[in-house]
Amino acid sequence: MSEIRIVIADDEAPARKRLRELLGDIEQACVVGEAKNGQEALSLAEQTQAEVVLLDIRMPGMDGIE
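All of these numbers come straight from a predicted model, not from anything done at the bench.

### Thoughts on the sheet that holds strand S2 (residues 29-35)
What the 3 strands build is an open sheet, ordered S2-S1-S3; its pairing is parallel. Two strands in the sheet have a free side with no partner beyond their single neighbour: S2 and strand S3 (52-55). Within the sheet, the average angular offset between the axes of one strand and its neighbour, ignoring direction, is 25°. Together, strand S1 (4-9), S2 and S3 form the strand contacts of helix H1 (residues 13-23), whose direction differs from that of S2 by roughly 170°. Along the sheet face, helix H2 (residues 38-48) touches S1, S2 and S3 and points at about 140° away from the line of S2.

### A look at H2
Those residues of H2 lying buried are Gly38, Ala41, Leu44 and Thr48. For H2, the angular spread of the buried residues around the axis is 120°, confining them to a single face. Exposed and facing more than 90 degrees away from the buried side of H2 are Glu46 and Gln47. Where H2 is buried, its residues contact S1, S2 and S3. Its side-chain oxygen at 3.0 Å from the backbone nitrogen of Gln39, Asn37 defines the N-terminal cap of H2. Where H2 ends, the next residue or the one after it, Gln49, has phi of about 55°, a positive value.

### Digging into the pairing of S2
The side chains of a regular strand alternate, residue by residue, between the two faces of the sheet. Two elements, S1 and S2, share 6 bridges in a ladder whose sense is parallel. For Ile4, the partnering residue across the bridge sits in S2 and is Ala29.

### A short note on the environment of Asp56
Structurally, Asp56 can be placed in the segment after S3. Along the sequence, Asp56 and Lys36 sit 20 residues apart, while their C-alpha atoms lie 9.4 Å from each other. In terms of polar contacts, Asp56 uses its side chain to reach the backbone amide nitrogen of Arg58, at 3.4 Å.

### Some details on unusual backbone geometry
For Gln49, which is not a glycine, the phi torsion comes out positive at approximately 55°. A relative accessible area of 57% means that Gln49 is categorised as exposed.

Calculation criteria
- Every chain's residues receive numbers from 1 upward, in the order its sequence appears when written.
- At least 70 in pLDDT is required for a residue's local features to be given in this predicted model, at least 80 for side-chain atom pairs to be given and counted, and no such filter applies to totals for whole chains, interfaces and linings, which use all residues.
- Side-chain numbers here rest on the full set of heavy atoms in the structure, without hydrogens or water.
- A pair of strands is considered paired only if DSSP assigns at least 2 bridges between the two.
- To qualify as a helix, a DSSP run of H or I must reach at least 4 residues; to qualify as a strand, a run of E must reach at least 2; elements of each kind are numbered from the N terminus.
- For helices, the axis comes from a line fit to the C-alpha atoms of the stretch in contact; other axes are also lines fit to C-alpha atoms, and the angle between any two N-to-C directions lies between 0 and 180 degrees.
- Whether two residues touch is decided by their heavy atoms; if any such pair falls within 4.5 Å, the residues are in contact.
- Here the term buried applies to any residue with accessible area under 20% of the maximum for its type, exposed to any over 50%, and partly exposed to those in between, with areas from a 1.4 Å probe on protein chains only.
- Arc definition: directions from the helix axis to the C-beta atoms.
- We call two N or O atoms a polar contact when they sit within 3.5 Å, provided that within protein one can donate a hydrogen and the other can accept it, with sequence-adjacent residues counted only if both atoms are side-chain atoms.

Keep in mind these values describe shape, not function.
Structure follows, in C-alpha cells:
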C-alpha cells in the first residue's frame, strides 16, 4: 500500500505530538509537516502535496474552519 501524506495543524504542541504518536501506529501514515495555525497549514499542504490535513478548529489567526 502507498503512504498517505499528512499535515497536522494545531496551536498546541502537546496535541500535535499526541497525533503524531497515534499516527505512528498506522503503517501507511506519513506526517510530512506540522503547523501552528491555519495559514501555515495551507502553505504546508501545498508544499508537501498532503493528502490529509488534520485541523484543530480553534487556532490563532486563521483557524481550522476558515
